[in-house]
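As a plain string of letters, each chain reads:
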Amino acid sequence: MLSQLPLYASGEIVRGFGRGSKELGIPTANFPLEVVKSLPESLPTGAYYGWANVDNGPVYKMVLSIGWNPYYSNKEKSVETHMLHNFNCDLYGQILKICIVGFLRSERSFDSLESLIAAIRADIEQAKALLDEADKAKLKEALFFTDKLCPLK
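An unreviewed UniProt entry lists the protein chain under the name Riboflavin kinase, with Drosophila rhopaloa as the source organism. Note on the protein chain: under the UniProt heading Catalytic activity (unreviewed entry), the record states "riboflavin + ATP = FMN + ADP + H(+)". Turning to the protein chain, the UniProt annotation filed under Cofactor (unreviewed entry) states: "Zn(2+)".

Shown next, in the form of structure tokens:
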């Protein structure tokens, strides 16, 4: 499945578990379950990187988690996107579009909250560098991010 990247998805931003900002200091925009279930089942769970925008606005670098978040023992699979931009407002109800460009690491549990945060911070730094590569940077300009019809690949 990873050879089929990039992968595009879009949907309304909904409330998550409230852990991203509060516990982790890493705010996330969450997709509703129907968007999560629309992703290919063969897509491995783990951390990914790519591009994202909200309501056809500017496109930002992002990292995202796809999976069950074993540290928290989630019962439902989730897709949680952390955009590398400070919005300073709630995004609930707005439309999030993502382009998943690449895979960073497999999903795993952590011994502590601190080790989870450290792994996410390392994911962010790795994503920043990878998205500066020319073949990945060009995806920021994808028509998907401005097209109101949100074509899915």
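Peer 1: I would appreciate a short explanation of the packing of aromatic side chains in the present structure.
Peer 2: What characterises a pair of aromatic rings is the spacing of the ring centres plus the angle enclosed by the ring planes. Counted by the stated rule, this structure contains four aromatic pairs. Relative to Phe87, the ring of Tyr60 lies with its centre 5.7 Å away and its plane at 90°, an arrangement referred to as edge-to-face. In this pair, Tyr60 sits in strand S4 (residues 60-67) while Phe87 sits in the loop between strand S5 (78-83) and strand S6 (95-106), placing the two residues 27 residues apart along the sequence. Judged by relative accessible area, which is 18%, Tyr60 ranks as buried. Through a chain of ring-to-ring contacts, three or more aromatic side chains come together here, namely Tyr8, Phe144 and Phe145.

Peer 1: How should I be thinking about the environment of Asp135 in this particular structure?
Peer 2: Looking at where Asp135 falls in the secondary structure, it is placed in helix H4 (residues 134-137). Exposure remark for Asp135: the relative accessible area of 42% places this residue in the partly exposed category. Asp135 sits 34 residues away from Val101 along the chain, and the two C-alpha atoms are 9.9 Å apart.

The rules behind each value
- All chains use their own residue numbering, which begins from 1 and follows the written sequence.
- Predicted model: local features are reported for residues with pLDDT of at least 70 only, side-chain atom pairs are reported and counted for 80 or more only, and whole-chain, interface and lining totals are derived from all residues.
- Excluded from the side-chain calculation are hydrogens and water; included are all heavy atoms of the structure.
- UniProt positions are given in the numbering used here, feature names are shortened, and annotations may be inferred rather than shown by experiment.
- When two rings of Phe, Tyr or Trp (its six-membered ring) have centres within 6.5 Å they constitute a pair, described as stacked for plane angles under 30 degrees, edge-to-face for angles over 60, and tilted for the intermediate range.
- Only DSSP runs of H or I with at least four residues qualify as helices, and only runs of E with at least two residues qualify as strands; both kinds are numbered from the N terminus onward.
- Exposure is judged per residue with a 1.4 Å probe applied to protein chains only, and the accessible area is read against the type maximum: over 50% gives exposed, under 20% gives buried, and values in between give partly exposed.

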